[in-house]
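Secondary and tertiary structure notes
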Amino acid sequence: VNSPQDEKMETIESTKTDIEKENEEGTKLDAKHPIHKVKVGKLEFPAHPFTLRVLNLSEDVEDMDLVDLFRPKCGGVVHARIIRERQHNGKGRSKGWGLIQFEEKESVEKALALNDTLMLHEKAVHVERSHMPAVSLIPPGMHKVSEKGEGK
């Protein structure tokens with residue numbers, strides 16, 4: 001005959017085995033979808049799962065050129081942005097790189113597989129993972145709190 005304490009211990013043991021099973025399944029899931037890291041200087045950041053950094057762009061490339069390049073070959077694009085130098089009157093010069101954010105992780109993998117095979121304005125485009133999302137970047141001049149400078 002089992003005492004109440006024996007039943008309690010048995011329940012705790014069965015709970016532990018359930019948790020261990022979930023952890024084993026979680027590690028299997030992580031092995032299938034590893035967490036990628038991006039190294040910036042000496043620091044490491046987790047890569048944004050849907051965003052890629054596109055390098056070796058010519059100065060005349062526009063945001064829509066990135067969309068037109070990647071959408072037919074990789075899938076849906078949420079947002080694309082060419083990173084530019086700050087300029088108070090109009091658009092600044094391109095820094096030669098940009099960010100593109102996809103709808104699905106599979107699109108990211110397709111784009112990474114096309115690294116250095118895509119050409120844009122007669123230049124081979126290099127693609128790598130990014131830790132920055134393309135959408136959350138604030139355009140120059142849009143970060144102001146008040147037009148008149150009166151504070152918050």
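Calculation criteria
- Within each chain, residue numbers correspond to sequence positions counted from 1 in written order.
- In keeping with the predicted nature of the model, local features appear solely for residues at pLDDT of at least 70, side-chain atom pairs appear and are counted solely at 80 or more, and the whole-chain, interface and lining totals rest on all residues.
- Where side-chain values are given, they derive from all heavy atoms of the structure, hydrogens and water being excluded.
- At least two DSSP bridges between two strands are needed for those strands to be called paired.
- Starting at the N terminus, helices and strands are each numbered in turn, a helix being any DSSP run of H or I of at least four residues and a strand any DSSP run of E of at least two.
- Axis definition: a line fit to C-alpha positions, over the contact stretch in the case of helices; interaxial angles, taken between N-to-C directions, run 0 to 180 degrees.
- Residues are treated as being in contact if the distance between any of their heavy atoms lies within 4.5 Å.
- The buried label goes to any residue with under 20% of its type's maximum accessible area, the exposed label to any with over 50%, and the partly exposed label to all in between, with areas taken from a 1.4 Å probe on protein chains only.
- Across the chain, each position has a pLDDT score giving the predictor's confidence in that residue, from 0 to 100.
- Between 65 and 115 degrees an angle is taken as roughly perpendicular, under 35 as roughly parallel, over 145 as roughly antiparallel, and anywhere else as oblique.
- Three residue categories are used. Nonpolar comprises Ala, Val, Leu, Ile, Met, Phe, Trp, Tyr, Cys and Pro, charged comprises Asp, Glu, Lys and Arg, and polar comprises the others, including Gly.
- Any two rings among Phe, Tyr and Trp, with Trp reduced to its six-membered ring, count as a pair given centres within 6.5 Å; such a pair is stacked if its planes are under 30 degrees apart, edge-to-face if over 60, and tilted if neither.
- In this analysis the charged atom, NZ for Lys or CZ for Arg, is taken to sit over a ring once it is within 6 Å of the ring centre and within 35 degrees of the ring normal.

1. Focus on the sheet that holds strand β8 (residues 126-129)
- Strand order in the open sheet formed by four strands is β4-β5-β3-β8, and the pairing between neighbours is antiparallel. At either end of the open sheet lies a strand with only one pairing partner, and these are β4 (77-84) and β8. Ignoring strand direction, the axes of neighbouring strands in this sheet form an average angle of 25°.
- As judged from the five bridges shared by strand β3 (residues 51-55) and strand β5 (residues 94-102), these two strands associate in the antiparallel manner. Counted as the bridge partner of L52 is I100 from β5.
- Packed on one face of the sheet, helix α2 (residues 63-74) meets β3, β4, β5 and β8 and runs near 145° to β4.
- Against the sheet, helix α3 (residues 105-113) touches β3, β5 and β8, its axis set at about 140° to β8.

2. Notes on the environment of S130
- When you line up the elements, S130 lands in the segment after β8.
- What makes S130 buried here is its relative accessible area of 2%.
- Here the alpha-carbon distance between S130 and Q101, two residues 29 residues apart in the chain, equals 9.8 Å.

3. As for the confidence of the model for the protein
- Looking at the protein, the pLDDT average stands at 74 and 66% of residues meet or exceed 70.
- Per-residue pLDDT stays below 50 along residues 8-31; that stretch engages in zero contacts with residues further than four places along the chain or on separate chains.
- Confidence over residues 141-147 falls short of pLDDT 50; this stretch has five contacts with residues more than four positions distant or in other chains.

4. Quick look at the packing of α2 against α3
- At a minimum axis distance of 9 Å, the contact between α2 and α3 shows a crossing angle of 110°. As the angle between them shows, α2 and α3 are arranged roughly perpendicular. For the pair formed by α2 and α3, the contact residues are F70, K73 and C74 on the first element and S107, K110 and A111 on the second.
- In the contact of α2 with α3, the residues fall into three nonpolar, one polar and two charged.

5. Here's the deal with the packing of aromatic side chains
- Per the counting criterion, the structure on display carries one aromatic pair.
- Relative to F102, the ring of F70 has its centre 6.0 Å away and its plane inclined at 80°; by these criteria the two rings are edge-to-face. Of this pair, F70 sits in helix α2 while F102 is found in strand β5, placing the two residues 32 residues apart along the sequence.
- In this structure, R53 packs its charged tip against the face of W97, placed 4.3 Å from the ring centre.

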